[in-house]
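Given next are the chains, with one letter for each unit.
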Amino acid sequence: MRAFNLFLKRSFDIVLSLVMILILIVIPVFIVVPIVIKLTSKGPAMYNATRIGKNQKPFKMYKFRTMITERYDADGNEIMSEDRITKVGRILRKTSLDELPQLFNILNGTMSFVGPRPMLDYQAPRCEGDEVLRFEMRPGMAGLAQAKGRNNISWTERIQYDIEYYKTFSFWLDIKIIFHTALMVFKHTGTEVKPEYRGVDRFSKHYVPEEEKKED
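The model shown is predicted, which means the values in this text are computed figures rather than measured ones.

**Points about the nonpolar core**
- Counting residues in hydrophobic clusters, the biggest one holds 26 residues, and the most contacted among them are Ile37, Phe64, Leu100, Leu103, Tyr165 and Ile177.
- Residue assignment for this core shows that the elements contributing at least two residues are α1 (2–26), α2 (29–40), β2 (58–64), α3 (87–95), α4 (102–107), β3 (112–114), α5 (144–149) and α7 (171–186).
- Per-element accounting of this core gives the leading share, 4 residues, to α2.
- For Ile177, the contacting residues outside a window of four places in its chain are Val114, Gly143, Leu144, Ala147 and Tyr165.

This is how it looks when you write it as structure tokens:
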């Protein structure tokens, strides 16, 4: 049954991504959005970033750029990610339009419409125990964690939802997640990261294990 559900999932990915790409070219979102990004901030309209996908294989994930290209201020201090988001970028994130280029990732098989959100390369090695089960599925544009709260839940909770998704996966579950996520996007729910989740945890960029702190 799981194999059949996986077949339905991949068939759905291919057909729907092709249809959506054709629709968005005709509208034409893939022309208007890049022009707006280029006119309002310096840098490319799109970018690709390395993410860790199924079986922990790295791949290039595509997105519309939502941040300024500068990573450091005039004094050489690193600018926090939340402070680098442009005005246009905030709109793209609230509406999830910044994710649309990932339709090409879905088409080439590196992503799916539904699955655990793809991790950064420094985050994947930090997964422990059952947490690695999330890499048994293709990463998704949407996922159970996103349907449960998008950015308004901690990384620990996100990982637990990823594990739950792997263990309870079915094609019907994917359909329910897509509709629930679409509703959250429509309501602009969970787009801003809560202050309590901006600290340093095990999956944060500046996290240092206790063992390494003792060695220093």
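**Some thoughts on the pairing of strand β1 (residues 46–52)**
- Bridging between β1 and β2 involves 7 bridges; their strand directions are antiparallel. Each residue of the ladder has a partner; that of Arg51, found in β2, is Phe59.
- The antiparallel pairing of β1 with β2 creates a hairpin that spans 5 residues between the two strands, and Asn55 there sits at a positive phi of about 60°.

**Some thoughts on unusual backbone geometry**
- A positive phi angle is found at Asn55, which is not glycine, with a value near 60°.
- Along the chain, Asn55 turns up in the loop between β1 and β2.
- For Asn55, a relative accessible area of 46% corresponds to the partly exposed category.
- Residue Gln56 is not a glycine yet carries a positive backbone phi of 60°.
- Along the chain, the position of Gln56 falls in the loop between β1 and β2.
- For Gln56, a relative accessible area of 40% gives the class partly exposed.

**A few points about the packing of aromatic side chains**
- The full count for this structure, using the stated rule, is 6 aromatic pairs.
- Ring centres of Phe12 and Phe113 lie 5.9 Å apart, and the angle between their planes is 65°; this geometry places the pair in the edge-to-face category. Here Phe12 is found in helix α1, whereas its partner Phe113 is found in strand β3, with 101 residues between them in sequence.
- Since its relative accessible area comes to 25%, Phe12 is described here as partly exposed.
- Exposure remark for Phe113: the relative accessible area of 9% places this residue in the buried category.
- Feature note: the residues Phe12, Phe113 and Phe171 constitute an aromatic cluster, connected by ring pairs.
- Above the plane of the ring of Phe135 lies Arg134, whose end atom (NZ or CZ) is 5.3 Å from the centre.

**A few points about the environment of Val33**
- Mapped onto the elements, Val33 comes out in helix α2.
- Judged by relative accessible area, which is 11%, Val33 ranks as buried.
- Along the chain, Val33 and Asp98 lie 65 residues apart, while their C-alpha atoms are 9.0 Å from each other.

**Overview of the pattern of salt bridges**
- The final tally for this structure, using the stated rule, is 7 salt bridges.
- In this structure, the salt-bridge partner of Lys42 is Glu70, at a minimum N-O distance of 3.5 Å. Of this pair, Lys42 sits in the loop between α2 and β1 while Glu70 sits in the loop between β2 and α3, and the two are 28 residues apart along the sequence.
- Notably, a salt bridge pairs Asp130 with Lys167, separated by 3.5 Å at the nearest N-O pair. With Asp130 in the loop between β3 and β4 (140–142) and Lys167 in helix α6 (residues 155–168), the pair connects residues that are 37 residues apart, well separated along the chain.
- Within this structure, Lys63, Asp98, Glu99 and Arg117 form a network of salt bridges that share partners.

Thresholds, definitions, all that
- Every chain's residues receive numbers from 1 upward, in the order its sequence appears when written.
- Local features in a predicted model are, by the rule used here, given only for residues with pLDDT of at least 70; side-chain atom pairs are given and counted only at 80 or more, and totals for whole chains, interfaces and linings are based on all residues.
- For side-chain calculations, the full set of non-hydrogen atoms in the structure is used, while hydrogens and water are omitted.
- Working definition of a nonpolar core: buried Ala, Val, Leu, Ile, Met, Phe, Trp, Tyr and Cys residues. They are joined through side-chain atoms within 4.5 Å.
- Buried residues are those whose accessible area, probed at 1.4 Å on protein chains only, stays under 20% of the maximum for their type, while exposed residues exceed 50% and partly exposed ones sit between those limits.
- For helices the rule is a DSSP run of H or I covering at least 4 residues; for strands it is a run of E covering at least 2, with both sets numbered from the N terminus onward.
- By definition, residues are in contact when any of their heavy atoms lie within 4.5 Å.
- DSSP-based pairing: two strands are paired if at least 2 bridges between them are found.
- By convention, a stacked pair of Phe, Tyr or Trp rings (six-membered ring in the case of Trp) has centres within 6.5 Å and planes under 30 degrees apart, an edge-to-face pair has planes over 60 apart, and any other such pair is tilted.
- Cation placement over rings: the criterion is NZ of Lys or CZ of Arg within 6 Å of the ring centroid and within 35° of the ring normal.
- The salt bridge definition used is simple: a Lys or Arg side-chain nitrogen within 4 Å of an Asp or Glu carboxyl oxygen.

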